Amino acid sequence: MLNALLLPLLFSMAGGTFVFLRRPDQRARGLLVMILFQLVGAAGNVMQSSPELYALLCVHALVVLVLMTRHLQAPKASTQPSGD
């Protein structure tokens, strides 16, 4: 199962980090996709458990947690009228 989930989880971490850093308007959608990849990985871990897959899922969960924490701590962009 590790062979089937290794590349998708690595792609999720790389793509999610790219979206988080380069496209701030799509951060929430990118985080949602990363969480869905985490759920697919967790389902794969339930079907066929291995320590390597568990370690990869832990690293992926840590990346998601850090990015989500930074997203929730970021100030919201407010749209104020310019006063013209």
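Residues numbered from 1 in each chain as written. Predicted model: local features only at pLDDT ≥ 70, side-chain atom pairs only at ≥ 80, totals over all residues. Heavy atoms only, no water.

### Considerations on the overall build of the protein chain
Okay, so step 1: Looking only at helices and strands, one finds three helices and zero strands in the protein chain.
Okay, so step 2: For the protein chain, the sequential pattern of α-helices and β-strands runs α-α-α.
Okay, so step 3: Computed over its C-alpha atoms, the radius of gyration of the protein chain comes to 16 Å, more than 25% above the 12 Å expected for a compact globule of 84 residues.
Okay, so step 4: When each of the 84 residues of the protein chain is scored for burial, the buried share is 26%.
Okay, so step 5: Within the structure as shown, the protein chain displays about 6,200 Å² of accessible surface, and the carbon and sulfur contribution to it stands at 66%. (Helix = DSSP H or I, 4+ residues; strand = E, 2+ residues; numbered from the N terminus. Rg over C-alpha atoms; globule rule 2.2 N^0.38 Å. Buried < 20%, exposed > 50% of the residue type's maximum accessible area, 1.4 Å probe, protein only. Areas by Shrake-Rupley, 256 points an atom, 1.4 Å probe, with all protein chains shown as cover.)

### So, the UniProt feature "transmembrane region" (unreviewed entry) in the protein chain
Okay, so step 1: When the UniProt feature table is mapped onto this chain, "transmembrane region" (unreviewed entry) is found at residues 6-21, 28-47 and 53-72.
Okay, so step 2: Each end of residues 6-21 is marked by a C-alpha atom, and these two atoms are 23 Å apart; helix forms 100% of the span and strand 0%.
Okay, so step 3: What you have in residues 53-72 is 100% helix and 0% strand, and the ends, taken at the C-alpha atoms, are 28 Å apart. (UniProt positions renumbered as here; feature names shortened; annotations may be inferred.)

### Things to note about the nonpolar core
Okay, so step 1: Of all hydrophobic cores here, the largest spans six residues; its members are L5, L9, M13, L53, L56 and L57.
Okay, so step 2: When residues of this core are traced back to their parent elements, those giving at least two are α1 (2-22) and α3 (51-73).
Okay, so step 3: Beyond its immediate chain neighbours, meaning those up to four positions away, L56 contacts L2, L5, L6, L9, L10 and M13.
Okay, so step 4: In this structure, F20, L31, M34 and L67 belong to the second largest nonpolar core, which totals five residues. (Core = buried A, V, L, I, M, F, W, Y, C linked by side-chain atoms within 4.5 Å. Contact = heavy atoms within 4.5 Å.)

### Some points on the environment of P75
Okay, so step 1: Locating P75 in the fold gives a position in the segment after α3.
Okay, so step 2: As a C-alpha pair, P75 and Q48 span 27 residues in sequence and 41 Å in three-dimensional space.

### Some remarks on the packing of helix α2 (residues 27-47) against α3
Okay, so step 1: Contact geometry for α2 and α3: axes closest at 10 Å, N-to-C directions at 160°. Accordingly, the angle class assigned to the pair α2 and α3 is roughly antiparallel. As α2 runs across α3, the sense of the crossing is left-handed. Contacts between α2 and α3 involve R27, A28, L31, M34, I35, F37, Q38, G41, A42, G44 and N45 from the former and L53, Y54, L57, H60, A61, V63, V64, L67, M68 and H71 from the latter. (Axes fitted to C-alpha atoms, helices over the stretch in contact; angles between N-to-C directions. Parallel < 35°, antiparallel > 145°, perpendicular 65-115°, else oblique. Left-handed = near helix turned anticlockwise from the far one by under 90°.)

### Thoughts on a nonpolar patch on the surface
Okay, so step 1: Judged by side-chain polarity, L32, I35, L36 and L39 come together as a nonpolar surface patch covering roughly 360 Å² of accessible area.
Okay, so step 2: Structurally, I35 can be placed in helix α2.
Okay, so step 3: I35 gets classed as partly exposed once you look at its relative accessible area, which sits at 30%. (Patch = residues over 30% accessible without salt bridge, like charges linked within 9 Å, V, L, I, M, F, W, Y side chains within 5 Å. Salt bridge = Lys/Arg side-chain N within 4 Å of Asp/Glu carboxyl O.)

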